[in-house]
Amino acid sequence: MQKTFTLTTHRHTDMIDITIQLEQWIHELKVINGMMVVSSLHTTAGITVNENADPDVKTDMLMRLDEIYPWEHAEDRHMEGNTAAHLKTSTVGHAQTLIIQDGKLVLGTWQGVYFCEFDGPRKRKFHAMVIPE
């Protein structure tokens, strides 16, 4: 069971909560227990699990990633000029493996699944695969 999701990002960098989309798909599939793998289909956008209660966490994460990987660096050689986005994606990771139990993703109280945009705004895709138990 596989599905490609699309979304449009509206900022240069952003973390978009995709948890509800993923859980709705699990519900549609009627999967009770299993695993889900979620993967960004881009080299400048990642997938992560992090806090979804306080929006300042996203702000702080994006700010710190900008400090570590500034958008402009005098020695970057990549012609597209988005080396920072590639580095951020490699740091965050392009995919996550999640557990499904009782028809829902197993996430902590404050956790959500995020699509991380590092070179937007753009139309983006992420792919998910559910492996039932």
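Keep in mind that this is a model prediction, so the values were computed, not measured.

Please explain the packing of aromatic side chains as it appears in this structure.
Aromatic ring pairs are defined here through the distance separating the ring centres and the angle between the ring planes. Applying the stated criterion across every chain, the model contains 3 aromatic pairs. Consider the rings of Phe-5 and Trp-25, whose centres lie 5.9 Å apart with planes at 85 degrees: the pair is edge-to-face. Of this pair, Phe-5 sits in strand 1 (residues 2-8) while Trp-25 sits in helix 1 (residues 19-29), placing them 20 residues apart in sequence. Using a relative accessible area of 6% as the deciding quantity, one classes Trp-25 as buried. Centroid distance Phe-115 to Phe-126: 6.0 Å. Interplanar angle 40 degrees. Geometry classified as tilted. In this pair, Phe-115 is assigned in strand 7 (residues 111-117) and Phe-126 in strand 8 (residues 123-132), connecting sequence segments 11 residues apart.

Sorry if this is basic, but what is going on with the pattern of salt bridges here?
Think of it this way: side chains of opposite charge can pair up when their charged atoms draw near. Taken as a whole and assessed by the stated rule, the structure comprises 4 salt bridges. Residue Arg-124 is joined to Glu-117 by a salt bridge in which the shortest nitrogen-to-oxygen separation is 2.7 Å. For the residue pair Arg-124 and Glu-117, the accessibility class agrees, reading buried in each case. Across the pair Arg-122 and Asp-119 runs a salt bridge whose closest N-O atoms are separated by 2.8 Å.

Cut-offs used in this document
- Residues numbered from 1 in each chain as written.
- Predicted model: local features only at pLDDT ≥ 70, side-chain atom pairs only at ≥ 80, totals over all residues.
- Heavy atoms only, no water.
- Phe/Tyr/Trp six-rings, centres within 6.5 Å; stacked < 30°, edge-to-face > 60°.
- Helix = DSSP H or I, 4+ residues; strand = E, 2+ residues; numbered from the N terminus.
- Buried < 20%, exposed > 50% of the residue type's maximum accessible area, 1.4 Å probe, protein only.
- Salt bridge = Lys/Arg side-chain N within 4 Å of Asp/Glu carboxyl O.

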